[in-house]
Amino acid sequence: MILFCLPYAGGSKAIYYNWKNYLHPSIQLVPIELKGRGNRFSEVFYENIEEAVDDILGYIKEKIVSDDYAIYGHSMGSLLAYELYYKISESNLRKPKHIFFSGYEAPSMIKKIENTYTLPDYDFMKKVMELGGTTEALINNQEILQIFLPIIRSDFKIVENYNYKKREEKIKCGVSILNGKQDSISLEEIVAWKNHVCRGIKVYNFEGNHFFMNNNVENITSIINATLTYKAISKGIFSMA
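Read on for a plain summary of the structure. (Residues numbered from 1 in each chain as written. Predicted model: local features only at pLDDT ≥ 70, side-chain atom pairs only at ≥ 80, totals over all residues. Heavy atoms only, no water.)

**Observations regarding the side chain of His210**
Rules: Counting from the N terminus, the helices are DSSP H or I runs at least four residues long and the strands are E runs at least two residues long. Under the scheme applied here, a residue whose accessible area is under 20% of the maximum for its type counts as buried, over 50% as exposed, and between as partly exposed, the area being computed with a 1.4 Å probe on protein chains only. Counted as a polar contact is a pair of N or O atoms within 3.5 Å, where, for protein atoms, one must be capable of donating a hydrogen and the other of accepting one, and residues adjacent in sequence contribute only when both atoms are in side chains. For this analysis, residues touch if any pair of their heavy atoms sits within 4.5 Å.
One can find His210 in the loop between strand 6 (201–206) and helix 7 (217–228). When its relative accessible area of 9% is taken as the criterion, His210 is described as buried. At 2.8 Å, the side chain of His210 forms a polar contact with the side chain of Asp183. Each residue touching His210, except ones within four places of it in the same chain, is listed here: His74, Ser75, Gly103, Leu131 and Asp183.

If you want it as structure tokens, here you go:
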């Protein structure tokens, strides 16, 4: 079983590296590197979500021809995972066995927000810090900030310009929703994921804010292990908690 992992805004595939220490040996961790960061630092940023999804599909396409797989996405990564599912379906490719949507409301509940990405640097970073994943030290380190700022600003741009479109086809694989108890996402926005799936959903709540995944690696990977083992899949443990 392959587990493709998609990062949050401003993140690289490195945020998932330590997961391999906790995942079951039968699960192959494949974190996805997006353009403009890590070993793809020199590549031009995406203009929109569609470009990002096309790029991701191009990377995983050969890997999903014969192997079972699942997708995990956090925050922006969840939005990418959602759109990726439909791109895979439209391309008549093997669908995932399971998708883990982490730290994101159901797409149908996305509210139109201000264009944060257009704010001056200081104001923009203050907004980013409100999410809880960025420290004051970063905003005061100009050398690091000059590298990080264009990446996260670009990610905010494609997310904030995303236009949700309702699909008649619902997600047919198993779905788990992971959420931080201190995040600003409401219960209504979480439960609304059930409107996007054929089966039920399993909801997991963790201590922490929007970046709860950084402090709950063992708990999250334990859930992934239980979900992606043959026994869990064969029994269809996909009910609403």
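So much for the structure itself; the text now carries on.
**Focus on unusual backbone geometry**
Despite not being glycine, Ser75 has its phi angle at roughly 55°, a positive value. Structurally, the position occupied by Ser75 is in the loop between strand 3 (69–74) and helix 2 (76–90). Overall, the relative accessible area of 11% leaves Ser75 in the buried class. With a phi close to 55°, Asn92 is a non-glycine residue in the positive phi region.

**Here we look at the sheet that holds strand 1 (residues 2–6)**
To keep it simple, the criterion reads: Whether two strands pair depends on DSSP finding at least two bridges between them. Geometry is summarised by axes, namely lines fitted to C-alpha atoms with helices restricted to the contacting stretch, and by angles between N-to-C directions that run from 0 to 180 degrees.
Ordered in space as 2-1-3-4-5-6, the 6 strands form an open sheet in which the pairing is parallel. Edge positions in the open sheet fall to strand 2 (28–31) and strand 6, since each of these has one partner strand only. Averaged over neighbouring strand pairs, the angle between their axes works out to 20° when direction is ignored. In the sheet, strand 1 pairs with strand 3 via 5 bridges, with the strands oriented parallel. Bridge pairing in strand 3 places Ile2 opposite Tyr69. Strands in contact with helix 2 are strand 1, strand 3 and strand 4 (98–102); relative to strand 3, the strand with the most contacts, it is inclined by about 145°.

**Examining the pattern of salt bridges**
Rules: What counts as a salt bridge is simple: a side-chain nitrogen of Lys or Arg found within 4 Å of a carboxyl oxygen of Asp or Glu.
Applying the stated criterion across every chain, the model contains 9 salt bridges. Here Glu43 ties to Arg40 by a salt bridge, and the two come within 2.8 Å at their closest N and O atoms. A residue is classified by how much of its surface remains accessible, and Arg40, at 16% relative accessible area, is buried. The network of salt bridges with common partners includes Arg40, Glu43 and Asp55.

**A word on the packing of aromatic side chains**
The cut-off we apply is this: Pairing of aromatic side chains here covers Phe, Tyr and the six-membered ring of Trp, requires ring centres within 6.5 Å, and sorts the geometry by plane angle: under 30 degrees stacked, over 60 edge-to-face, intermediate tilted. We count a charge as sitting over a ring when the NZ of a lysine or the CZ of an arginine lies within 6 Å of the ring centre and within 35 degrees of the ring normal.
Counted according to the given criterion, the structure contains 12 aromatic pairs. On the numbers, 4.9 Å between centres and 90° between planes, the contact of Tyr16 with Trp19 is edge-to-face. The class for Trp19 is buried, based on a relative accessible area of 0%. Ring geometry for Tyr82 versus Trp193: centroids 6.2 Å apart, planes at 70°, classification edge-to-face. Of this pair, Tyr82 sits in helix 2 while Trp193 sits in the loop between helix 6 (187–191) and strand 6, and the two are 111 residues apart along the sequence. Judged by relative accessible area, Trp193 falls into the buried class, the value being 0%. One aromatic cluster in this structure is built from Tyr82, Tyr85, Tyr86, Phe101 and Trp193. Positioned above the aromatic ring of Phe124 is the side chain of Arg153, whose terminal nitrogen or guanidinium carbon lies 4.6 Å from the ring centre. The residue whose ring lies beneath Arg167 is Tyr86, and the NZ or CZ to ring-centre distance is 4.4 Å.

**Let's talk about the packing of helix 1 (residues 49–60) against helix 2**
Using the following cut-off: Whether a crossing is left-handed or right-handed is set by the direction in which the near helix is turned from the far one by less than a right angle, anticlockwise for left-handed and clockwise for right-handed. Polar here means any residue other than Ala, Val, Leu, Ile, Met, Phe, Trp, Tyr, Cys and Pro, which are nonpolar, and Asp, Glu, Lys and Arg, which are charged; Gly is therefore polar.
Taken N-terminus to C-terminus, the directions of helix 1 and helix 2 make an angle of 65°; their axes are 9 Å apart at the nearest point. Crossing hand, helix 1 versus helix 2: right-handed. Where helix 1 approaches helix 2, its residues Ile49, Ala52, Val53, Asp54, Ile56, Leu57 and Ile60 are matched on the opposing element by Leu79, Leu80, Glu83, Leu84, Lys87 and Ile88. Of the residues in the contact of helix 1 with helix 2, the class split is 10 nonpolar, no polar and 3 charged.

**Side note on the nonpolar core**
Among soluble globular proteins, nonpolar side chains are generally buried collectively. Operational definition: Working definition of a nonpolar core: buried Ala, Val, Leu, Ile, Met, Phe, Trp, Tyr and Cys residues. They are joined through side-chain atoms within 4.5 Å.
Of all hydrophobic cores here, the largest spans 53 residues; its most connected members are Ile60, Leu80, Phe101 and Ile171. Excluding residues within four positions of it along the chain, Ile171 makes contact with Tyr82, Tyr85, Tyr86, Ile99, Phe101, His196, Val197 and Cys198. Ranked by size, the runner-up nonpolar core spans 22 residues in total, among them Ile15, Tyr16, Trp19 and Ile224.

**Description of the environment of Asn163**
Here Asn163 is to be found in the loop between helix 5 (142–160) and strand 5 (174–180). With relative accessibility at 63%, the residue Asn163 sits in the exposed group. Along the sequence, Asn163 and Ile110 sit 53 residues apart, while their C-alpha atoms lie 9.2 Å from each other.

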